[in-house]
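# Tertiary structure, described
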Amino acid sequence: MTSPLDLNWFVERLTDASVKGIAGVTAGLIREGQIPIGTHLPSVRDLAEALGVSPATVSAAWGQLKRQKVIAGKGRSGVWVCGDNVTSRPVRFEKIGNYGDNIRADLAMASPDPALLPDLKQAMLQGIQCPQLNSYQRDPIAQPLLTAIRSGWPYQAEAWLATDGGFDAMNCIIQTLFSPGQRVIIEDPTATRLLDMLDNIGAEVMPLACDEHGPLPGALAMLLNKGATAMIYQPRTHSATGHTVSEARSEELAKVLMGTSTMIIEDDGIGELSAYPLWSLGRYFPERTLHVRSYSKAYGPDLRLAVLSGPREPLKRIQSWRNFGASWTSRILQQAVAWMLQDESTQLQIQQAKAIYSGRRRQLLAALAARGLTLPDRDGLSIFIPVQSEQFAMITLAARGIAVLPGERCRSGGVQFIRVSIAMIQPDSINSIADALVLACGQDINAIGSDL
């Protein structure tokens, strides 16, 4: 390790003593090689005193750089530079995939089966007939799409915005409306990419415990008392567990949130492939609820389309931030989805897809039950399987050519589990997959038998 960094030299270059300023200047100096890898940085207390700021400000800046794997260390040993790659990356999400050449069944990504998606030929022909084709007018949402979705939206929203997919909408919200150090409540487990997004902006994640019916009201009340200012949750067909928030649970959560100013963000990632109705908290708090519905899994990932609703002022801020980039979502794609939402043949295809996904999930659950592993029949494109050891489960499955998603990618707590996609499972592979899953859970399939 090199000698400690000169405090006075460092302070002279920190012209912006905010969290963002300290982290940004430090990252720049590391990237340029002015602070070499191995350099010991000043202590939080010494740097805070020299800059005339709170130690919490310096700690938050160091926290950002630690999440980017640029610095490491804590406590009396201090922190030091451990890398010079200061580009933000979705670390959890990027770890999904690349399980090796021997994988014959990749069940990690809960992606829709391309064979069950609607045919887009007619939709694309309708798309190019959209009003204002090739206009540079930055409309938040195309009128045909707004007309098509409005009657089926779960509450009366004030403003609307089309985005390039559900995670694009969530990233817009987090980048625009959240700040470093902000305390954000989020379900545990949750979607992998949401945790990456919160890490990227330096938010303080507050895990919210859930049960079969969604977030626990008592746990939510405790976190609100600890200063949380926002809550993110999936109101139906949770991406990791498959649970859905019931109407009764939604009412209980509303009672807990009553009298607070907590921002509510709802991520309806599976959209119309869900088997359940959606009970939005926007029914109670339209002035502070932002609701995201993705159309990717039901209508097609390459449509890259979602709709965000919420109060007018935060949506204006999000639209302004989008003006740094694309500014608006393709009106061709918006028109195409608007047409499919009102096309009887497309809607019939979606209902058929839901039934097929349900059948595949129940076939795998039945095979597991026959081997002594009984799991609840929930919803969605995957099943949630508690395990004694995620590491053991992943190694056991990989040795049999099967890849699944380890729970560590989408949880903050200590519950060990794997998520297994059922979206493209075929009948002739169910028995071998079930055998491997039972082994991965630590059960002895030889004592149970595998004849189905």
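Since the model is a prediction, treat every value here as computed from it, not as a measurement. (Residues numbered from 1 in each chain as written. Predicted model: local features only at pLDDT ≥ 70, side-chain atom pairs only at ≥ 80, totals over all residues. Heavy atoms only, no water.)

## Side note on the pairing of strand 13 (residues 382-386)
The following threshold applies: For the exposure calls, accessible area comes from a 1.4 Å probe over protein chains only, and a residue counts as buried if that area is under 20% of its type's maximum, exposed if over 50%, partly exposed in between. Helix and strand assignments come from DSSP, with helices taken as H or I runs of at least 4 residues and strands as E runs of at least 2, each series counted from the N terminus. Each pair of strands is called paired provided DSSP finds at least two bridges between the two strands.
Most of strand 13 sits inside the fold, with 4 of its 5 residues counted as buried. Bridging between strand 13 and strand 16 (residues 417-421) involves 5 bridges; their strand directions are antiparallel. Across the sheet, Pro 386 pairs through a bridge with Phe 417, a residue of strand 16.

## Some details on the pairing of strand 4 (residues 159-163)
Of all 5 residues in strand 4, 5 are buried, a share of seventy percent or more. In strand 4, alternate side chains face the same way, and those of Ala 159, Leu 161 and Thr 163 on one face and Trp 160 and Ala 162 on the other are all buried. As paired strands, strand 4 and strand 12 (residues 306-310) are joined by 5 bridges and run antiparallel to one another. For Thr 163, the partnering residue across the bridge sits in strand 12 and is Ala 306.

## Quick notes on the environment of Asp 196
Structurally, Asp 196 can be placed in helix 9 (residues 192-201). In sequence terms Asp 196 and Gln 349 are 153 residues apart; their C-alpha atoms lie 34 Å from each other.

## Notes on the sheet that holds strand 13
The pairing of strands in a sheet comes from backbone hydrogen bonds and takes either a parallel or an antiparallel form. Counted only if it meets this: Residues are treated as being in contact if the distance between any of their heavy atoms lies within 4.5 Å. In this analysis, axes come from line fits to C-alpha atoms, helices being fitted only over the stretch in contact, and the angle between any two N-to-C directions falls in the range 0 to 180 degrees.
If you walk across this open sheet you meet the 3 strands as 13-16-15, and the pairing is antiparallel. A strand with exactly one partner marks an edge of an open sheet, and here the two such strands are strand 13 and strand 15 (405-406). When strand 15 meets strand 16, the two strands line up antiparallel, connected through 2 bridges. The residue bridging Leu 405 from the neighbouring strand is Arg 419, located in strand 16. Packed on one face of the sheet, helix 16 (residues 390-399) meets strand 15 and strand 16 and runs near 35 degrees to strand 16.

## A short note on the packing of aromatic side chains
Note the cut-off: Side-chain rings of Phe, Tyr and Trp, where Trp is taken by its six-membered ring, are said to pair if the distance between their centres is within 6.5 Å; with planes under 30 degrees apart they count as stacked, over 60 as edge-to-face, and otherwise as tilted. Any Lys NZ or Arg CZ that is within 6 Å of a ring centre and within 35 degrees of that ring's normal is treated as a charge sitting over the ring.
Taken as a whole, this structure holds 6 aromatic pairs when the rule is applied. Judged by centre distance (6.5 Å) and plane angle (15 degrees), the rings of Phe 10 and Trp 62 are stacked. Here Phe 10 is found in helix 1 (residues 7-13), whereas its partner Trp 62 is found in helix 4 (residues 55-67), with 52 residues between them in sequence. Phe 10 gets classed as buried once you look at its relative accessible area, which sits at 0%. Taking 6.1 Å as the distance between ring centres and 45 degrees as the angle between the ring planes, the aromatic pair formed by Tyr 284 and Phe 285 counts as tilted. Just above the ring of Phe 285 sits the side chain of Arg 288; from NZ or CZ to the centre is 4.2 Å.

## Considerations on helix 3 (residues 44-51)
To be explicit about the condition: Note that the arc is computed from the directions linking the helix axis to the C-beta atoms.
Residues of helix 3 that are buried: Leu 47, Ala 48 and Leu 51. For helix 3, the angular spread of the buried residues around the axis is 100 degrees, confining them to a single face. Turned more than 90 degrees off the buried face of helix 3, the exposed positions are Arg 45 and Glu 49. Buried residues in helix 3 make contact with helix 1, helix 2 (19-31) and helix 4. Directly after helix 3, the chain includes Gly 52, whose backbone phi takes a positive value near 75 degrees.

## A look at the layout of surface pockets
What counts is decided by this rule: With a 1 Å grid spanning the protein atoms alone, the term cavity applies to any set of points in which a 1.4 Å probe fits but cannot get out, the term pocket to an open set with protein on both sides within 12 Å along at least five of seven lines, and the term lining residue to any residue with an atom within 4 Å of a point. Grid points are joined across faces, edges and corners, and a volume is the space filled by probe spheres set on the points. Each residue receives one of three labels: charged for Asp, Glu, Lys and Arg, nonpolar for Ala, Val, Leu, Ile, Met, Phe, Trp, Tyr, Cys and Pro, and polar for the others, Gly being one of them.
Roughly 740 Å³ of internal volume is contained in the largest pocket. If you list the elements that add at least two residues to the lining of the largest pocket, you get helix 8 (166-177), helix 9 and helix 12 (296-299). Among the residues making up the lining of the largest pocket, the classes are represented as 12 nonpolar, 15 polar and 8 charged.

## Quick look at the packing of helix 15 (residues 344-370) against helix 17 (residues 430-440)
Put simply, the test is: The cut-offs work like this: below 35 degrees is roughly parallel, past 145 is roughly antiparallel, 65 to 115 is roughly perpendicular, and the gaps in between are oblique. Each helix crossing is assigned a hand: it is left-handed if the near helix lies turned anticlockwise from the far helix by less than a right angle, otherwise right-handed if that turn is clockwise.
Their axes nearest at 9 Å, the elements helix 15 and helix 17 cross at an angle of 55 degrees. What the angle tells us is that helix 15 and helix 17 run oblique. Considering how the two elements wind past one another, helix 15 and helix 17 form a crossing that is right-handed. Between helix 15, through Gln 363, Leu 364, Ala 367 and Leu 368, and helix 17, the contact on the second element is made entirely by Ile 430, Ile 433, Ala 434, Leu 437 and Val 438. For the contact of helix 15 with helix 17, the per-class residue count stands at 8 nonpolar, 1 polar and no charged.

## Remarks on the sheet that holds strand 10 (residues 263-268)
As summarised here, the arrangement of the 7 strands in space is 4-12-11-10-9-5-6, forming an open sheet in which the pairing is mixed. Because the sheet does not close on itself, it has two edges, and the strands there are strand 4 and strand 6 (204-208). Adjacent strand axes in the sheet meet at a mean angle of 20 degrees when their direction is disregarded. Across 5 bridges, strand 5 (residues 183-187) lies against strand 6 in parallel orientation. Bridge assignment links Ile 185 to a residue of strand 6, and that residue is Met 206. Relative to strand 4, helix 13 (residues 312-322) is tilted by about 30 degrees, and along the sheet it contacts strand 4, strand 11 (289-294) and strand 12.

## What about the pattern of salt bridges?
The following threshold applies: The salt bridge criterion pairs a side-chain nitrogen of Lys or Arg with a carboxyl oxygen of Asp or Glu, the two atoms within 4 Å.
Under the defined criterion, the tally for this structure stands at 17 salt bridges. We note a salt bridge from Glu 252 to Arg 249, for which the minimum N-O separation is 3.5 Å. Taken together, the positions of Glu 252 and Arg 249, both in helix 11 (residues 247-257) and 3 residues apart, correspond to about one turn of that helix. Arg 249 gets classed as buried once you look at its relative accessible area, which sits at 8%. Here Glu 287 makes a salt bridge to Arg 288, at a shortest N to O gap of 3.5 Å. Salt bridges linked by common partners bring Asp 164, Asp 168 and Arg 322 together as one network.

The values are spatial; any link to function lies outside them.
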